[in-house]
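So you can see what is in the structure, the chains are spelled out below.
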Amino acid sequence: MLLQRQTTSLRPLTTAHLAQTMTLLGLTVGELRQKIETELAENPALELVEEHHCPVCHRPQPNSGLCPLCSRLPSATAEQPIVFLSPREDFQHHGVLPAEDLPDDNLAPEVEDLPTFVLRQIAAELAPEDRSLAAHLLNNLDEDGLLSVSILEIASYHHVLPSRVEVVLKLIQRSEPIGVGCSNPQEALLVQLDVLAETRPIPLLAAEAIQQGMSLLSRRKYSELGQLLGISTSQASQIASFISNNLNPYPARAHWGDVHQSAEPSPNVYHTPDVIISRLNDREETPLVVEVITPLYGTLRVNPLFRQALHQAPPEHSTEWHQAIDRATLLVKCIGQRNHTIVRLMELLATIQRKFILHGEVHLLPFTRARMADELEVHESTISRAVSGKAIQLPTGRIIPLSTFFDRNLQVRTVLKQIINQEASANFSDSQLAVILKGHGYPVARRTVAKYRAMEGILPSHLRQPFKPC
DNA sequence: CTATGGCACGGATT
DNA sequence: AATCCGTGCCATAG
């Protein structure tokens, strides 16, 4: 107690304040934007200055002159990714990157919002008189693709039976992104599971796990989940990993597994991408364009006028004003630091995993955060923070967790999947698979093959269908 | 006897 | 320090 007091009083407020660093690295764009917005509202010393536009591509950017992309374009090489900060907020759910990214490219990007996207899919099966119902439903989706009104509300508004609304809703839920229009994540998962079951075997009890153990599932209490379902802990966690690999509780947020530990009231875990990677054009030998998304348009800085006015501060507000300045400086500095780290991280990642980004999971090289930390000469935890909870959009439009880049066995698992899919008549047993994998350069134990199978939801050999749909 | 799943341990990773 | 991951050994099912 006494000791604590001493240490706190030892530090003079002013310098301690400035030396401090905020933990911004671990935040996603969405979280960071919230933080900045509240800070902006509360702190008069903070100022958001208007952005400029690049004369070539008209993309908004902090400085005048050419934007980072356009200025680096001439010297771009295929191996070296172009990484820069981008204020883009308007990504598309299923988005192929809008063409505005390519200077000289005059194609207007076809912007389609989620409601129209879904409506187009179901149009054929939709009775004309139900069109307004569908429209009403689709317009009440929240940003996660979940329905924010009740069926009864809609029904009574349109003077129809709830069952009719349900029919339309079912139609919606079964279209891409599968699960849109469910009223909660749980329901969305179940619909997805159901649809998935038509094309591929799914683990037993997966549905039960979602129905009964949703809260356990999201808190990663696998042993309790196992007890609930009457199965072992490892079985439970295998089901969990299947779910997080293949299903998505927030349909509009594209493919993004990893049920995060933070419990119920934080829907922000699933979010818009923090980084978007695209290719410059369709040719093979092009540099990757990596956009690290910034939360706001414009640049954040300490208001110079406020700083000038500091001398004339009324004495009773003097310290208060100083603190405001300090806070603002700190925030600006930390945001800069955050951006810097992420940019460097992405530069290296995009270089190393170029093949993975372009050609898929088979080409993912095993690479640990520790190694990355070593290369970048930062602490391991820095990388961990930078990676965790963030999402990245690949050139294909898929959104995946950034942590996938450090998935140690994804590569082997995909190869395994391929082998099993290609297996002609006879199904390989786990030990056979182990031998084959060894031949491909992946020495794994038979026991491990079994685990990978389970993770991918592939049944044991004697239960597998001899015919592969392809 | 063969193929798999459960459990648990040790080492790597975060 | 906590967690994840690959593996070996044993039990069980077919």
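Our subject is the structure that appears above.
On a predicted model such as this, the values are computed, not experimentally measured, just so you know. (Residues numbered from 1 in each chain as written. Chains lettered and ligands numbered in written order. Predicted model: local features only at pLDDT ≥ 70, side-chain atom pairs only at ≥ 80, totals over all residues. Heavy atoms only, no water.)

Any chance you could explain the environment of isoleucine 82 here in plain terms?
The topology assignment puts isoleucine 82 in strand S4 (residues 82-86). Residue isoleucine 82 is classed as buried on the basis of its relative accessible area, which comes to 3%. With residues up to four places along the chain from it excluded, the contact list for isoleucine 82 reads Leu69, Arg72, Leu73, Ala76, Pro287, Leu288, Val289 and Val290. (Helix = DSSP H or I, 4+ residues; strand = E, 2+ residues; numbered from the N terminus. Buried < 20%, exposed > 50% of the residue type's maximum accessible area, 1.4 Å probe, protein only. Contact = heavy atoms within 4.5 Å.)

It is not clear to me how the packing of helix H14 (residues 318-352) against helix H16 (residues 369-376) should be interpreted in this structure. Could you clarify?
Axis angle and axis distance: for two packed helices, these are the angle between their axes and the distance between the axes, and together they describe the pair. For the pair H14 and H16, interaxial distance at closest approach is 11 Å and the crossing angle is 115 degrees. The orientation of H14 with respect to H16, classified from their angle, is roughly perpendicular. Relative to H16, the crossing made by H14 is right-handed. Mapping the contact onto sequence places Arg344, Leu345, Leu348 and Leu349 in H14 and Met372, Glu375 and Leu376 in H16. When the residues that make up the contact of H14 with H16 are grouped by side-chain class, the tally is five nonpolar, no polar and two charged. (Axes fitted to C-alpha atoms, helices over the stretch in contact; angles between N-to-C directions. Parallel < 35°, antiparallel > 145°, perpendicular 65-115°, else oblique. Left-handed = near helix turned anticlockwise from the far one by under 90°. Nonpolar A, V, L, I, M, F, W, Y, C, P; charged D, E, K, R; others polar.)

Whenever I open this one, the protein's contact with DNA strand B confuses me. Can you help?
In the vicinity of DNA strand B there are 18 residues, among which Ser232, Gln235, Asp430, Arg447 and Ser461 approach most closely. The sugar and phosphate moieties of DNA strand B supply 64% of its atoms located within 4 Å of the protein. Separating a phosphate oxygen of DNA strand B from a side-chain N or O atom of arginine 453 is a distance of 2.9 Å. Note that a phosphate oxygen of DNA strand B is positioned 2.2 Å from one of the side-chain N or O atoms of serine 461. Elements with a minimum of two residues in the surface near DNA strand B: H16, helix H17 (380-387), helix H19 (430-439) and helix H20 (446-456). A per-element tally of the surface near DNA strand B places H20 first, with five residues. (Near = heavy atom within 4 Å. Polar contact = N/O pair within 3.5 Å; in protein donor to acceptor, adjacent residues only side chain to side chain.)

Is there a simple way to think about the pattern of salt bridges in this case?
A side chain of one charge can pair with a side chain of the opposite charge when the charged atoms of the two come close. If you walk through the whole model with that rule in mind, you get eight salt bridges. As a salt-bridge pair, glutamate 39 and arginine 327 come within 2.6 Å of each other at their nearest N and O atoms. Within this pair, whereas glutamate 39 is found in helix H3 (residues 29-42), its partner arginine 327 is found in helix H14, the two being separated by 288 residues in sequence. Overall, glutamate 39 belongs to the buried group, its relative accessible area being 7%. Exposure remark for arginine 327: the relative accessible area of 38% places this residue in the partly exposed category. (Salt bridge = Lys/Arg side-chain N within 4 Å of Asp/Glu carboxyl O.)

Help me understand the environment of alanine 236, please; the structure alone is not making it clear to me.
The topology assignment puts alanine 236 in helix H12 (residues 233-246). The exposure class of alanine 236 is buried, given its relative accessible area of 0%. Between the alpha carbons of alanine 236 and glycine 226 there is a distance of 5.1 Å; along the sequence they are 10 residues apart. Those residues in contact with alanine 236, other than ones at most four positions away along the chain, are Tyr222, Leu225, Gly226 and Ile231.

How do you make sense of the sheet that holds strand S8 (residues 391-393) when you look at a structure like this?
Either a parallel or an antiparallel arrangement is found when strands of a sheet pair, and the pairing is made through backbone hydrogen bonds. In space, the five strands of this open sheet follow the order S4-S6-S5-S8-S9, with mixed pairing throughout. Here the strands that pair on one side only, and so sit at the sheet edges, are S4 and strand S9 (399-401). Looking at each pair of strands side by side, their axes are set apart by 25 degrees on average, direction ignored. Where S8 and S9 come together, three bridges link them in antiparallel fashion. Among the inter-strand pairings, isoleucine 392 is bridged to a residue of S9, identified as isoleucine 400. (Pairing = 2+ DSSP bridges.)

How do you make sense of the nonpolar core when you look at a structure like this?
Considering soluble globular proteins, one finds that nonpolar side chains tend to be buried as a cluster. Ile277, Leu345, Met346, Met372, Ile392, Leu402 and Phe405 are the most contacted members of the largest nonpolar core, which has 32 residues in total. Sorting the residues of this core by element identifies strand S5 (275-279), strand S6 (288-293), H14, helix H15 (354-359), H16 and H17 as the ones contributing at least two each. Residue contributions to this core peak at seven residues, all from H14. Apart from the residues lying within four places of it in its own chain, the contact partners of methionine 346 are Val83, Val275, Ile277, Val290, Val292, Ile392 and Leu402. With 19 residues, the next largest nonpolar core counts Leu137, Val149, Val168 and Val180 among its residues. (Core = buried A, V, L, I, M, F, W, Y, C linked by side-chain atoms within 4.5 Å.)

What am I meant to see in the pairing of S5 here?
A regular strand places its side chains on the two faces of the sheet in alternate fashion. Burial runs high along S5: four of the five residues are buried. Examined bridge by bridge, S5 and S6 share five bridges and lie antiparallel to one another. Paired with arginine 279 across the bridge in S6 is leucine 288. Across two bridges, S5 lies against S8 in parallel orientation. Note that in S8 the partner of isoleucine 276 across the bridge is glutamine 393.

Explanation requested: the protein's contact with DNA strand C in the structure shown.
Neighbouring DNA strand C are 10 residues; Arg408, Ala445, Thr448, Lys451 and Tyr452 lie closest to it. Lysine 451 has a polar side-chain atom sitting 3.0 Å from a base oxygen of DNA strand C. At 2.8 Å, a side-chain N or O of tyrosine 452 approaches a phosphate oxygen of DNA strand C. Its residues placed into classes, the surface near DNA strand C shows four nonpolar, two polar and four charged.

The analysis is restricted to geometry; functional conclusions fall outside its scope.
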